[in-house]
Amino acid sequence: AQKITQTQPGMFVQEKEAVTLDCTYDTSDQSYGLFWYKQPSSGEMIFLIYQGSYDEQNATEGRYSLNFQKARKSANLVISASQLGDSAMYFCAMREDFGNEKLTFGTGTRLTIIP
Amino acid sequence: NAGVTQTPKFRILKIGQSMTLQCAQDMNHNYMYWYRQDPGMGLKLIYYSVGAGITDKGEVPNGYNVSRSTTEDFPLRLELAAPSQTSVYFCASSGRQGPSESPLHFGNGTRLTVT
């Protein structure tokens, strides 16, 4: 079974609108971390936001927030007031604490912001 | 502060040739990783290391070898290159604040073509 599922291969959003990128995950660990990375067309991987499994509040970093629903095993990224520079690939990833130091990635969502 | 440095940025290999992708980090991170990213896909883990002298296989280790003689360096060796190894290779590192809490810091990638 896929550990990280991103069901939206591509999305088009009007500039200044908010956008939600979906991510569901599968783990039997109680302790894990969820990450979102941005990959612009230049190719580098940029860390955006982190959510720990024991964090009671949703993570926020500037215009990025993470809608964490633990019972549903979802960790959706919300970008408020989208900008043209937000056009990129976005990857959700998970790191499980026990016996596994690896970060497992989803297949990504290509976000295009329309002026 | 250089972060994670990968060399070379680009390389073209003929089938059957060998090469070493270099990776160095200056953040004193214990954890280092090699991922490959095929076109339009997420990242797949090749090998990782939790400290000097310790390495382990990821999802797709066949055709690759690694070594970790120092904390700073984590080279990836391709023996007998094959067209299936055409990909973008990312090296990453992380510290340990709690294994799930540490985001990976990525290098800028090496684009490898095998023809």
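Residues numbered from 1 in each chain as written. Chains lettered and ligands numbered in written order. Predicted model: local features only at pLDDT ≥ 70, side-chain atom pairs only at ≥ 80, totals over all residues. Heavy atoms only, no water.

Describing the overall build of chain A
Link 1 in the chain: If you tally the helices and strands in chain A, you get 0 helices and 12 strands.
Link 2 in the chain: Taken from N to C terminus, the helices and strands of chain A fall in the order β-β-β-β-β-β-β-β-β-β-β-β.
Link 3 in the chain: When the backbone C-alpha atoms are referred to their principal axes, chain A occupies close to 45 × 25 × 20 Å.
Link 4 in the chain: Looking at chain A residue by residue over its 115 residues, the buried ones come to 52%. (Helix = DSSP H or I, 4+ residues; strand = E, 2+ residues; numbered from the N terminus. Buried < 20%, exposed > 50% of the residue type's maximum accessible area, 1.4 Å probe, protein only.)

Remarks on the overall build of chain B
Link 1 in the chain: Helix and strand counts for chain B stand at 0 helices and 11 strands.
Link 2 in the chain: In sequence order, chain B lays out its α and β elements as β-β-β-β-β-β-β-β-β-β-β.
Link 3 in the chain: Rg of the C-alpha trace for chain B: 13 Å, near the compact-globule value of 13 Å for 115 residues, within the 12% margin.
Link 4 in the chain: Its C-alpha atoms give chain B principal-axis dimensions of roughly 40 × 30 × 25 Å.
Link 5 in the chain: Here chain B, with 115 residues, has 49% of them falling under the buried criterion.
Link 6 in the chain: Considering only residue pairs separated by 6 or more positions, chain B has 54% of its internal contacts joining residues 24 or more positions apart.
Link 7 in the chain: Of the roughly 5400 Å² of accessible surface on chain B, a fraction of 49% belongs to carbon and sulfur atoms.
Link 8 in the chain: Placing the 10 positive and 8 negative side-chain charges of chain B at their respective mean positions leaves the two points 9 Å apart. (Rg over C-alpha atoms; globule rule 2.2 N^0.38 Å. Contact = heavy atoms within 4.5 Å. Areas by Shrake-Rupley, 256 points an atom, 1.4 Å probe, with all protein chains shown as cover. Lys, Arg positive; Asp, Glu negative; His and termini not counted. Charge placed at Lys NZ, Arg CZ, Asp CG, Glu CD.)

Some details on the environment of L21(A)
Residues and elements named next belong to chain A.
Link 1 in the chain: With respect to the helices, strands and loops of the structure, L21 is situated in strand β3 (residues 19-21).
Link 2 in the chain: Note on L21: relative accessible area 0%, which makes it buried.
Link 3 in the chain: L21 sits 13 residues away from Q8 along the chain, and the two C-alpha atoms are 7.5 Å apart.

Description of the layout of surface pockets
Link 1 in the chain: As a volume, the largest pocket reaches approximately 630 Å³.
Link 2 in the chain: If you go around the largest pocket, you meet 30 residues; those closest to its centre are Q39(A), G43(A), Q37(B), V88(B) and R111(B).
Link 3 in the chain: Of all elements in the fold, only β10 (88-96) and β12 (109-114) of chain A together with β9 (87-94) and β11 (110-114) of chain B reach the threshold of two or more residues within the lining of the largest pocket.
Link 4 in the chain: The dominant element in the lining of the largest pocket, judged by the number of residues it contributes, is β11(B), at 4 residues. (1 Å grid on protein atoms, 1.4 Å probe; cavity = no way out; pocket = protein on both sides within 12 Å on 5 of 7 lines; lining within 4 Å. Points joined across faces, edges and corners; volume = space filled by probe spheres on them.)

Examining the nonpolar core
A general feature of soluble globular proteins is that nonpolar side chains tend to end up buried together.
Link 1 in the chain: Ranked by internal contacts, the top residues of the largest apolar core, which has 25 residues, are Y25(A), W36(A), I49(A), L77(A), Y90(A) and L111(A).
Link 2 in the chain: At the level of secondary structure, the elements contributing two or more residues to this core comprise β2 (10-14), β3, β5 (32-39), β6 (46-52), β8 (64-69), β9 (74-79), β10 and β12 of chain A.
Link 3 in the chain: Ranked by the residues each element gives to this core, the list is headed by β10(A), at 4 residues.
Link 4 in the chain: Among the nonpolar cores identified, the runner-up in size contains 20 residues, and L103(A), Y33(B), L45(B) and Y48(B) belong to it. (Core = buried A, V, L, I, M, F, W, Y, C linked by side-chain atoms within 4.5 Å.)

Here we look at the interface of chain B and chain A
Many structure descriptions define interface size as the accessible area lost when the parts assemble.
Link 1 in the chain: The interface is formed by 22 residues belonging to chain B together with 20 residues belonging to chain A.
Link 2 in the chain: In this assembly, chain B packs against chain A so that about 1800 Å² is buried in total across both faces, 57% of it on carbon and sulfur atoms.
Link 3 in the chain: Between the two partners, chain B and chain A, sit 0 salt bridges.
Link 4 in the chain: Counting the contacts that link chain B with chain A gives 5 residue pairs in polar contact (both at pLDDT 80 or more).
Link 5 in the chain: A breakdown of the residues in the side of chain B that touches chain A according to their chemical character gives 13 nonpolar, 7 polar and 2 charged. (Buried area = accessible area lost by both parts, 1.4 Å probe. Salt bridge = Lys/Arg side-chain N within 4 Å of Asp/Glu carboxyl O. Polar contact = N/O pair within 3.5 Å; in protein donor to acceptor, adjacent residues only side chain to side chain. Nonpolar A, V, L, I, M, F, W, Y, C, P; charged D, E, K, R; others polar.)

Thoughts on the pattern of salt bridges
Residues and elements named next belong to chain A.
Link 1 in the chain: Per the stated rule, a full pass over the model turns up 4 salt bridges over all chains.
Link 2 in the chain: In this structure, the salt-bridge partner of R63 is D86, at a minimum N-O distance of 2.8 Å. In this pair, R63 is assigned in the loop between β7 (60-61) and β8 and D86 in the loop between β9 and β10, connecting sequence segments 23 residues apart.
Link 3 in the chain: Look at D86 and you get buried, because its relative accessible area is 2%.

What about unusual backbone geometry?
Link 1 in the chain: Across the junction of T7(B) and P8(B), the peptide omega takes the value -5°, indicating a cis bond.
Link 2 in the chain: Considering the arrangement of structural elements, one finds P8(B) in the loop between β1 (4-7) and β2 (10-13).
Link 3 in the chain: Even without being a glycine, A81(A) presents a positive backbone phi close to 45°.
Link 4 in the chain: With respect to the secondary-structure elements, A81(A) resides in the loop between β9 and β10.
Link 5 in the chain: One non-glycine residue, N28(B), lies in the positive phi region at around 60°.
Link 6 in the chain: You can see N28(B) is positioned in the loop between β3 (19-25) and β4 (31-37).

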